[in-house]
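Each chain, written out:
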Amino acid sequence: SPPPPSSPPPPPSSYALALTKVDERRARALVREYAASSGDHVSLVVANGSEAFLVAGDPSALRRLQTWCGEACRPPRPATRLLPVSAPYHCESLLSGACGAAV
C-alpha cells in the first residue's frame, strides 16, 4: 500500500534576521544604533561569515529592524532577510562568548 500523505513541516518556532554585505563592526553598530533609537531588544547572535550575521529578537522587532535597515539607517545599508529558524536564537553572547553580555 502507498505511504500515508506527508504532513507539512511544523511552523518555525522563531525567526532571525540575516544581515549581509556588512562587516562585523558595522553589523554591531547597526544593531546598537537601532536598539538605542527604538527601545526594541534585538541581539547580534551569530556570525555566518565575514559579512553575514544573524540578529535575534521578537519577530515584530526584527521586522521593524528590517524596515529601518532599508529606510532609515545611514549607508552603507545591509541586505536583510527574515529567516524562520527551528530553535530560537536569544542568547546575546554567541559573538562575545558569555551568555547575557551585551553585543
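Residue indices follow the written sequence of each chain, beginning from 1 at its first position. Residues qualify for local features only when their pLDDT is at least 70, as the model is predicted, and side-chain atom pairs are given and counted only at 80 or more; totals for whole chains, interfaces and linings, by contrast, use all residues. To obtain the side-chain values, all non-hydrogen atoms of the structure were used and water was disregarded.

### A short note on the nonpolar core
Logical step 1: The term nonpolar core refers to a set of buried residues drawn from Ala, Val, Leu, Ile, Met, Phe, Trp, Tyr and Cys, joined through side-chain atoms within 4.5 Å. Any residue under 20% of the maximum accessible area for its type is buried, any over 50% is exposed, and the rest in between are partly exposed; the area is computed with a 1.4 Å probe on protein chains only. Residues Leu19, Val42, Val55, Leu65 and Trp68 are the most contacted members of the largest nonpolar core, which totals 17 residues.
Logical step 2: Put simply, DSSP H or I for four residues or longer makes a helix, DSSP E for two residues or longer makes a strand, and each gets a number counted from the N terminus. If you list the elements that add at least two residues to this core, you get strand 1 (14-20), helix 1 (24-38), strand 2 (42-49), strand 3 (52-57) and helix 2 (59-71).
Logical step 3: Among the elements that line this core, the one with the most residues is helix 2, at 5 residues.
Logical step 4: Contacts between residues were defined by any pair of non-hydrogen atoms, one from each residue, lying within 4.5 Å. Those residues in contact with Val42 that lie beyond four places of it in its chain are Val31, Tyr34, Ala35, Val55, Ala56, Ala61, Leu62 and Leu65.
Logical step 5: In this structure, Ala18, Val45, Val46 and Leu54 belong to the second largest nonpolar core, which totals 7 residues.

### Some points on the pairing of strand 3
Logical step 1: Among the 6 residues of strand 3, 5 are classified as buried, and the element is accordingly described as predominantly covered.
Logical step 2: Here strand 1 pairs with strand 3 via 5 bridges, running antiparallel. When the bridges of strand 3 are listed, Leu17 appears paired with Val55.
Logical step 3: Here the rule is simple: two strands pair whenever DSSP picks up at least two bridges between them. Counted along the chain from strand 2 to the antiparallel partner strand 3, the turn is 2 residues long.

### Brief notes about the sheet that holds strand 1
Logical step 1: One open sheet accounts for 4 strands, arranged 2-3-1-4; its pairing is antiparallel. Either end of the sheet is taken by a strand with one partner, and the two such strands are strand 2 and strand 4 (79-85). Going from strand to strand, the sheet's axes swing by 30 degrees on average, the running direction of each strand aside.
Logical step 2: Across the sheet, helix 1 lies against strand 1, strand 2 and strand 3, angled at about 165 degrees from strand 2, the strand it touches most.
Logical step 3: Fitted lines through C-alpha atoms give the axes, limited to the stretch in contact for helices. The angle between two N-to-C directions lies from 0 to 180 degrees. Its contacts with the sheet place helix 2 against strand 1, strand 2, strand 3 and strand 4, and it is angled at close to 20 degrees to strand 1.

### Concerning helix 2
Logical step 1: Residue count minus one, scaled by 1.5 Å, sets the expected span of a helix. Taking 1.5 Å of rise per residue, the 13 residues of helix 2 would be expected to cover 18 Å, and the 18 Å separating its terminal C-alpha atoms lies within 8% of that figure.
Logical step 2: All of the buried residues in helix 2 are Ala61, Leu62, Leu65, Trp68 and Cys69. Looking down the long axis of helix 2, one finds its buried residues gathered within 120 degrees of arc, a one-sided arrangement. Projecting away from the buried face of helix 2 at angles above 90 degrees are the exposed residues Gly70 and Glu71.
Logical step 3: In this structure, the buried residues of helix 2 make contact with strand 1, helix 1, strand 2, strand 3 and strand 4. As used here, the arc belongs to the directions running from the helix axis to the C-beta atoms.

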